[in-house]
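# Structural characterization, general
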2 protein chains.
Amino acid sequence: MRVAYLGPPGTFSEEAVSRCDLTQGGEALPYSTFADAYDALLSRAVDAALLPIENSIEGAVSTVLDLLVLKPGPRIRREVLLPVRQHLLARPGTRLEDVRRVLSHPQPFGQCARFLRERLPQAALESQTSTAEAARKVAAGESAAAAIGSRAAADRYGLALLAESIQDSDENVTRFVLLAPSDEAPTGADRTSIAFTLDRDRPGGLHEVLGEFARRGINLSKIESRPTKRTMGHYVFYLDFEGHRAEPACAEALACVLGRVHTLWLLGSYPRAT
Amino acid sequence: MRVAYLGPPGTFSEEAVSRCDLTQGGEALPYSTFADAYDALLSRAVDAALLPIENSIEGAVSTVLDLLVLKPGPRIRREVLLPVRQHLLARPGTRLEDVRRVLSHPQPFGQCARFLRERLPQAALESQTSTAEAARKVAAGESAAAAIGSRAAADRYGLALLAESIQDSDENVTRFVLLAPSDEAPTGADRTSIAFTLDRDRPGGLHEVLGEFARRGINLSKIESRPTKRTMGHYVFYLDFEGHRAEPACAEALACVLGRVHTLWLLGSYPRAT
C-alpha cells in the first residue's frame, strides 16, 4: 500500500504515517503540498493519503477541509491522533537573539503564537510548505534563521533545539485522517464524518439537522463551519458523529439529514481513535 | 473618538475605518497587530477598535475571535462589510517571472491561494503584520519581491499593479466589527453576537442551544466553531442572530441559553449592515 503524505521526511505527517498500522509493509511517499498528496490519491498514483484536518490549538486545517468538498470522492478510512511538540530549531551555535527570520508551515505559527509574540517579536515569519522543508532550508544555510518543527526534523537535518516545546498549550494534538477510495467496515466503535450545505435563508436549518442526531441519541463529536467561498454567511458544515453509517440509527439519521440539506458529502465511517 | 486599526496606513482596515460613520470628526490610530489594537481599547488608550472577524473566502480571522473570549469585555457596536480586491504589487518595472518572494498578511495568502499556486508556484510566502506593511517593505527595496494588498497601498507606497484582482473569488468581502466599551441601542434592524462553550460530553448540547432560537423564529446568521486551545473536541461556538438583546424574544432566548451552556460571552447588539 502506497501512502502519500506531506514531505519531505521529518514532518509530523511522516510521524503520523508511521503510527498508522495500515502502512506495515507499505510505502510512504512524500508530496510537497497537501493538495499534491490529495491529487495523487484522486489520480490513483497512490492508494491512500494521510492528511491533517484539525489541531487542538489552531483549529481546522482549512486547506484539507476545503479539498474534501471541492474535489469529493476519497473517504476517511482511519483517524490518527498525534501529540505534537513544536521546537525552535537552528544551526548549532545560533542564539535566540540572533534569530531574525522564522520559517515554518503556517499551522505552527498559529500553534506557537504566544512564544513568537513574546520571545521573537522582531522576527519575520516566512511560510514554508512544511515544517521539515523549513528545517531543511535552515540547515542549508539561511542566515539568522530558525525553523519551527519536530525533534525528528532537528535530528534529520542536523539542527539544534534552540527552544523546546514552544506551542501555546501542552495539550497540542493534531488529528490526521487516512483517505482512501473507500471507507472502513463497522468495528463496533466507529465514527462517521459528513459535510453539508443548507438552503439559504432557512431559519433553523442547522437546528433541524442536529435534531436528527439528538433525537436518536447519537453523540456529535465535532462541528466546524467554513465559508463556501461564494457569499458571506453561506457555510459548509463539517460534522462528526459516533457510530457507523451502516448502523440502523445512524443510517436513519443520515437519510433524514439528506432531506434537510442542500448538498451532503459522506466523508466516511472509520474506527474511532482513542 | 479615537479608533484603533491595523496599520500602517493603506490597509483594508484603514479603508473600513473610513466607511465607519462613527469616526466623523474622529481620529484613526494605526497599531501593528490586531492584538495591539485590541489591547489599546482594553487599556482605554483609544475609544474603539475596528477589527476584521471574517472573510467570505478565507473564513474566520481566528486571532480576533480568540481575543474576544480570551480577553472579554469589549462589545460590538457596529459592523462594516468591506468588498475586498487583492492585487499583486511590485516596484515599477518588476515582471511576474522575477518575483521570488511574496509578502502579505496571512489572510490574503488564503484568499489568493489559487493565484499563488498557479502563477507563482516558486515564490516564497513571507507573513507580514499587514498588507500595507508588506507594501511598505517592497517599496523600501526588498529584492525580487511583491506584496499582496490594496490599490490604496499601491498608491501610497508608489508600487505598480503587477496583477489585478487575484483573489480566488470575485465575491470577496471582509466583515469588520467596531469594538467599544458598550454596544448599541436598538434600531429595529439589529444583529446580536454571542460566544459560548458547552459542558463536555453532553450529547445534543448544541442542538438544545440552537433550539432556543429556532422555537422563537429567531434567524441565525452565522455559526462558527474554534478550538478552546485545551482539549481536542472542545470548542468555543460563535453565533450571530438577527435581533437586539433588548427585544423580548431575543432576551428570552438568551436567558434560556445561559442555562444550557458552560460559559456565555455577550459580544454585543448592533445595527445590521446591508
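Below you will find a few notes about this structure.

Thresholds applied
Residues numbered from 1 in each chain as written. Chains lettered and ligands numbered in written order. Predicted model: local features only at pLDDT ≥ 70, side-chain atom pairs only at ≥ 80, totals over all residues. Heavy atoms only, no water. Salt bridge = Lys/Arg side-chain N within 4 Å of Asp/Glu carboxyl O. Helix = DSSP H or I, 4+ residues; strand = E, 2+ residues; numbered from the N terminus. Buried < 20%, exposed > 50% of the residue type's maximum accessible area, 1.4 Å probe, protein only. Pairing = 2+ DSSP bridges. Axes fitted to C-alpha atoms, helices over the stretch in contact; angles between N-to-C directions. Parallel < 35°, antiparallel > 145°, perpendicular 65-115°, else oblique. Left-handed = near helix turned anticlockwise from the far one by under 90°. Contact = heavy atoms within 4.5 Å. Nonpolar A, V, L, I, M, F, W, Y, C, P; charged D, E, K, R; others polar.

This brings us to the pattern of salt bridges. All names here are of chain A. Under the criterion given, the structure shown has 42 salt bridges over all chains. Between glutamate 212 and arginine 260 there is a salt bridge, with its nearest N and O atoms 2.6 Å apart. Pair noted here: glutamate 212 is in helix α8 (residues 205-214) and arginine 260 is in the loop between α9 (248-258) and β15 (263-271), with a separation of 48 residues, a long-range link. Taking the relative accessible area as the measure of exposure, arginine 260 reaches 24% and is therefore partly exposed.

Okay, unusual backbone geometry next. Residue and element names in this part refer to chain A. The amide bond that connects glycine 7 to the next residue, proline 8, takes the cis arrangement and shows omega of 0°. Locating proline 8 in the fold gives a position in the loop between β1 (2-6) and α1 (12-18). If you check the backbone angles, serine 165 has positive phi at about 55° while not being a glycine. Mapped onto the elements of the fold, serine 165 is located in the loop between β10 (160-163) and β11 (173-180).

Attention now moves to the pairing of strand β1 (residues 2-6) of chain B. Residue and element names in this part refer to chain B. Among the five residues that make up β1, four are buried, leaving the element largely enclosed by the rest of the structure. Relative to strand β2 (residues 27-31), β1 runs parallel, the two sharing five bridges. Along β2, the bridge assignment pairs arginine 2 with glutamate 27. Here two bridges tie β1 to strand β3 (residues 48-55), and the two strands are oriented parallel to one another. Its bridge partner lying in β3, alanine 4 is registered against alanine 49.

In this section: the sheet that holds β15(A). Residue and element names in this part refer to chain A. Taken together, the four strands give an open sheet; going across it, the order is β13-β14-β12-β15, and neighbouring strands pair in antiparallel fashion. Strands with a single pairing partner mark the edges of an open sheet, and in this sheet they are β13 (220-227) and β15. Between one strand and the next, the sheet's axes are offset by a mean angle of 15°, whatever the strand orientation. With seven bridges connecting them, β13 and strand β14 (residues 235-242) associate as antiparallel partners.

This part takes up the pairing of strand β7 (residues 101-104) of chain A. Residues and elements named next belong to chain A. In β7, alternate side chains face the same way, and those of Arg101 and Leu103 on one face and Val102 and Ser104 on the other are all buried. By the bridge criterion, four bridges tie β7 to strand β8 (residues 124-127) in an arrangement that is parallel. For leucine 103, the partnering residue across the bridge sits in β8 and is glutamate 126. In this structure, β7 lies alongside strand β9 (residues 145-149), joined through three bridges in parallel fashion. When the bridges of β9 are listed, valine 102 appears paired with alanine 146.

Attention now moves to the packing of α8(A) against helix α8 (residues 205-214) of chain B. Packing of α8(A) against α8(B) brings their axes to within 9 Å, and their N-to-C directions diverge by 140°. Between α8(A) and α8(B), the interaxial angle falls into the category oblique. Crossing of α8(A) against α8(B): the hand is left-handed. Counting all contacts with α8(A), which are made through A:Leu206, A:His207, A:Leu210, A:Gly211 and A:Ala214, the residues of α8(B) involved are B:Leu206, B:His207, B:Leu210, B:Gly211 and B:Ala214. Tallied by class, residues from the contact of α8(A) with α8(B) come to six nonpolar, four polar and no charged.

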